[in-house]
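Given next are the chains, with one letter for each unit.
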Amino acid sequence: INDQLVYLTEDGRYMIRGDIYDRETSTNLSELSRSKIRLEILKEIDDDQTIAYGPKKAEHTITVFTDTSCGYCRKLHNEEVPKLTEQGVKVRYLLFPRAGMDSPGYKELQSIWCAKNPQEALTKAKQGQQVPEKTCDIPIAEHMSLAQTFGLRGTPLMVTDKGTLING
């Protein structure tokens, strides 16, 4: 249910909501299941549905929900993403306007997505520069829905190529 796993008895009478741990191995079995689900969802997202940096064929990929008004997102993009891409990691951005679909942040993300070079436009915005206003059809509603499925609590939300979530 959204980002929560529930467990039902065979007859459906009893339901447990919460994580199940293997105490012997200190493994969160519920998180392993959620990771598998996230991976299946991420496989359905083509690079053209993201703003991607790094090599086209990468050994590792990180998918990041981002907003240009997020200070930690800016820090990640300006300081860490160049290091990651130098090491051959692909970073794919999904857009998440934290203030909602009617916000200035949404308009800025739309302008970035619609720019001739979205990668360059996103980098400029993350550096505090203005991006020329543009409009076109964008998949932000789908990105936001996916973020809710993954349980986004704040940006940046990173999802590794193993399905692991890294918040903030």
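Nothing here was measured: the structure is a model prediction, and the numbers come from that model.

Visitor: Describe the side chain of His-143, listing the residues and the values that go with them.
Guide: Note on placement: His-143 falls in helix α5 (residues 140-149). What makes His-143 buried here is its relative accessible area of 4%. Not counting chain neighbours up to four residues away, the residues in contact with His-143 comprise Gln-49, Phe-65, Leu-94, Leu-95 and Trp-113.

Visitor: So what's going on with the pairing of strand β6 (residues 60-66)? Residues and values would help.
Guide: Note on strand geometry: in a regular strand, side chains alternate between the two faces of the sheet. Of all seven residues making up β6, five are buried, and the element is well covered by its neighbours. Handedness of the crossover joining β6 and strand β7 (residues 89-95) through helix α2 (residues 71-86): right-handed. Strand direction decides the pairing type here: β6 and strand β8 (residues 157-159), joined by three bridges, are antiparallel. Each bridged residue has a counterpart across the sheet, and for Thr-63 the counterpart in β8 is Val-159.

Visitor: Would you mind going over the nonpolar core in detail, with residue names and values included?
Guide: By size, the foremost hydrophobic cluster in this structure holds 35 residues, and its most contacted members are Ile-51, Val-64, Phe-65, Tyr-93, Ile-112, Ile-140 and Phe-150. For this core, the secondary-structure elements that each account for two or more residues are β5 (51-53), β6, α2, β7, α3 (104-114), α4 (118-126), α5 and β8. In contact with Tyr-93, not counting residues within four places along its chain, are Thr-50, Ile-51, Tyr-53, Val-64, Thr-66, His-77, Val-81 and Leu-122.

Visitor: Provide a residue-level description of the side chain of Lys-126, including the pertinent values.
Guide: Take Lys-126: it is sitting in helix α4. It turns out Lys-126 is buried and unbridged, and the closest side chain with the opposite charge, Asp-67, is 7.3 Å from it. At a separation of 2.3 Å, a polar atom in the side chain of Lys-126 contacts the side chain of Thr-66. Apart from residues lying up to four places away in sequence, Lys-126 is in contact with Thr-66, Asp-67, Cys-73, Arg-74, His-77 and Asn-78.

Visitor: I'd like to hear about the environment of Tyr-14, residue by residue, with values.
Guide: Looking at where Tyr-14 falls in the secondary structure, it is placed in the loop between β1 (6-8) and β2 (15-17). With relative accessibility at 46%, the residue Tyr-14 sits in the partly exposed group. Distance in space between the C-alpha atoms of Tyr-14 and Asn-117 is 53 Å, their sequence separation being 103 residues. Those residues within four positions of Tyr-14 in sequence are excluded, and the remaining contacts are Tyr-7, Leu-8 and Thr-9.

Each value, and the rule that gives it
Each residue is numbered by its place in its chain's sequence as written, counting from 1. Local features are withheld for residues below a pLDDT of 70 in this predicted model, meaning they are given only at 70 or higher, and side-chain atom pairs are given and counted only at 80 or more; totals for whole chains, interfaces and linings count all residues. The side-chain figures draw on all heavy atoms in the structure; neither hydrogens nor water molecules are used. Numbering of helices and strands runs from the N terminus, with a helix taken as a DSSP run of H or I at least four residues long and a strand as a DSSP run of E at least two residues long. To sort residues, take the accessible area from a 1.4 Å probe on protein chains only and compare it with the maximum for the residue type: under 20% means buried, over 50% means exposed, and anything in between is partly exposed. By definition, residues are in contact when any of their heavy atoms lie within 4.5 Å. Look down the strands so they point away from you; if the path from the first strand over the helix to the second goes clockwise, the crossover is right-handed. Two strands form a pair only when DSSP identifies at least two bridges running between them. Here, the term nonpolar core denotes a set of buried Ala, Val, Leu, Ile, Met, Phe, Trp, Tyr and Cys residues that are joined through side-chain atoms within 4.5 Å. Positive: Lys, Arg. Negative: Asp, Glu. His and the chain ends are not part of the count. Every case where a carboxyl oxygen of Asp or Glu lies within 4 Å of a side-chain nitrogen of Lys or Arg is listed as a salt bridge. Nitrogen and oxygen atoms within 3.5 Å of one another constitute a polar contact, given that in protein one can donate a hydrogen and the other can accept it, and given that sequence-neighbouring residues count only through two side-chain atoms.

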